[in-house]
Amino acid sequence: MSESSGQRIKSELEETQGRDLLAGRVYTNLNQLVECGYVEKGSKNGRTNEYSLTDAGREALRDRRYWERRYVSGTN
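These figures come from a predicted structure and were not determined experimentally.

A.B. asks: Help me out: how do you make sense of the sheet that holds strand 2 (residues 39-43) in this one?
C.D. replies: Note: strands within a sheet are paired through backbone hydrogen bonds, in either parallel or antiparallel orientation. Taking strand neighbours across the sheet as the criterion, the three strands line up as 1-3-2 in an open arrangement whose pairing is antiparallel. The outermost strands of the open sheet, each flanked by one partner alone, are strand 1 (4-5) and strand 2. Two elements, strand 1 and strand 3 (residues 49-53), share two bridges in a ladder whose sense is antiparallel. Its bridge partner lying in strand 3, Ser4 is registered against Tyr51. Across the sheet, helix 2 (residues 23-36) lies against strand 2 and strand 3, angled at about 115° from strand 2, the strand it touches most.

A.B. asks: Sorry, what's going on with helix 2 here?
C.D. replies: Note on helix geometry: an α-helix contains 3.6 residues per turn, so any two residues three or four positions apart are oriented the same way. Helix length check: helix 2 (14 residues) gives 20 Å between terminal C-alpha atoms against 20 Å at 1.5 Å per residue, within 8%. With its phi angle positive at about 85°, Gly37 sits one or two positions after the end of helix 2.

A.B. asks: Mind showing me how you'd approach the pairing of strand 3 here?
C.D. replies: The side chains of a regular strand alternate between the sheet's two faces. Most of strand 3 is tucked away: four of the five residues are buried. When strand 2 meets strand 3, the two strands line up antiparallel, connected through five bridges. Of the residues in strand 3, the one forming a bridge with Gly42 is Glu50. Adjacent in sequence and paired antiparallel, strand 2 and strand 3 are bridged by five residues, among which Gly46 carries a positive phi angle near 85°.

A.B. asks: What is the right way to read the pattern of salt bridges from this model?
C.D. replies: Two side chains bearing opposite charge may form a pair once their charged atoms approach each other closely. Enumeration according to the criterion identifies four salt bridges in this entry. Of the charged contacts, one joins Asp55 and Arg58 as a salt bridge, the two residues approaching to 2.9 Å between their closest N and O atoms. Separated by three residues within a single helix, Asp55 and Arg58 lie in helix 3 (residues 55-71), roughly one turn from each other.

Reading the values: rules and limits
- Residues numbered from 1 in each chain as written.
- Predicted model: local features only at pLDDT ≥ 70, side-chain atom pairs only at ≥ 80, totals over all residues.
- Heavy atoms only, no water.
- Pairing = 2+ DSSP bridges.
- Helix = DSSP H or I, 4+ residues; strand = E, 2+ residues; numbered from the N terminus.
- Contact = heavy atoms within 4.5 Å.
- Axes fitted to C-alpha atoms, helices over the stretch in contact; angles between N-to-C directions.
- Expected span 1.5 Å × (residues − 1).
- Buried < 20%, exposed > 50% of the residue type's maximum accessible area, 1.4 Å probe, protein only.
- Salt bridge = Lys/Arg side-chain N within 4 Å of Asp/Glu carboxyl O.

Listed below in structure tokens is the structure:
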């Protein structure tokens, strides 16, 4: 996954969820993902934070997708 700014992540989440999100909540969640080791946080220009998925984050997503295929797929 390439690096994305917090604002870009927020915008994409809003688009996919079809609703506005509070910036403070998005950044709180991003910081929690950083603390858990799923996301790395860096600075682009001293002002803009950029976030990228770690190997642990990719593994967690693979595990989640496996779980969804096993337990959620085909249920409506």
